[in-house]
Amino acid sequence: QVQLVESGGGLVQPGGSLRLSCAASGISVSMSPMGWYRQAPGKQRELVAFITGDGSANYVDSVKGRFTISRDNAQNTVFLQMNSLKPEDTAVYYCHVFPKRLTIPWGQGTQVTVSS
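Structural notes, computed from the coordinates. The model shown is predicted, which means the values in this text are computed figures rather than measured ones.

Glancing now at the packing of aromatic side chains. Per the counting criterion, the structure on display carries 3 aromatic pairs. A centroid spacing of 5.3 Å and a plane angle of 85° characterise the contact between Tyr37 and Trp106, whose relative ring orientation is edge-to-face. You can see Tyr37 sitting in strand E4 (residues 34-39) and its partner Trp106 sitting in the loop between strand E9 (91-97) and strand E10 (110-114), a full 69 residues away along the chain. Both rings, one in Tyr94 and one in Trp106, keep their centres 5.8 Å apart while their planes meet at 80°; by these two values the pair is edge-to-face. One end of the pair, Tyr94, is in strand E9; the other, Trp106, is in the loop between E9 and E10, with 12 residues separating them in the sequence. Of the residues examined, Tyr94 reaches a relative accessible area of 10% and is grouped as buried. Each residue in the set Tyr37, Tyr94 and Trp106 is aromatic and connected to the rest through ring pairs, giving one cluster. The ring of Phe79 carries the charged tip of Arg19 above its face, separated from the ring centre by 3.9 Å. In this structure, Arg45 is placed above the aromatic ring of Trp106, and the distance from its NZ or CZ to the ring centre is 4.0 Å.

So, in structure tokens, the structure goes:
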């Protein structure tokens, strides 16, 4: 059974930083492409970034240069470093495999709120 547990969210002022973590079990983050997704109020869940099995990182245009996805194979954990945060980054952030699979349940997510 795959389990994904996100943490690290919070309230931050515009321009601030947060580091999100996703602890995985039942799946190897070193062998499965993993992604970070987010869902803002009233909007659909969207992909933010993903990292491939060989460690290549990819980002949507809106976060390029501000967010960095990485992983720790020993801890089986995926990270999302978020810098220069903007109010439009406010959302619940989730990690999941990339591309998404219906057979893998979503975690509870972690709330990120960017506000002054």
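The biggest cluster of nonpolar side chains holds 29 residues, and the ones touching the most others in it are Leu4, Trp36, Phe67, Leu80, Met82 and Tyr93. Here Met82 is in contact with Gly16, Ser17, Leu18, Leu20, Arg66, Phe67, Tyr93 and Val112, once residues within four sequence places are set aside.

Moving on, we get to the pairing of E4. Counting buried residues in E4 gives 5 out of 6 residues, a clear majority hidden from the surface. Counting the residues in the hairpin turn of E4 and strand E5 (residues 46-51) gives 6 residues, including Gly42, whose phi is positive at 75°.

Considering all chains together, one arrives at 1 disulfide under this definition. Across a sulfur-sulfur distance of 1.7 Å, Cys22 and Cys95 are joined as a disulfide pair. With the S-S dihedral at roughly 40°, the linkage between Cys22 and Cys95 falls on the right-handed side. Of the two residues, Cys22 sits in strand E3 (residues 18-25) while Cys95 sits in strand E9, which places them 73 residues apart along the sequence.

Scoring rules and cut-offs
Residues numbered from 1 in each chain as written. Predicted model: local features only at pLDDT ≥ 70, side-chain atom pairs only at ≥ 80, totals over all residues. Heavy atoms only, no water. Phe/Tyr/Trp six-rings, centres within 6.5 Å; stacked < 30°, edge-to-face > 60°. Helix = DSSP H or I, 4+ residues; strand = E, 2+ residues; numbered from the N terminus. Buried < 20%, exposed > 50% of the residue type's maximum accessible area, 1.4 Å probe, protein only. Lys NZ or Arg CZ within 6 Å of the ring centre and 35° of its normal. Core = buried A, V, L, I, M, F, W, Y, C linked by side-chain atoms within 4.5 Å. Contact = heavy atoms within 4.5 Å. Pairing = 2+ DSSP bridges. Disulfide = S-S within 2.5 Å.

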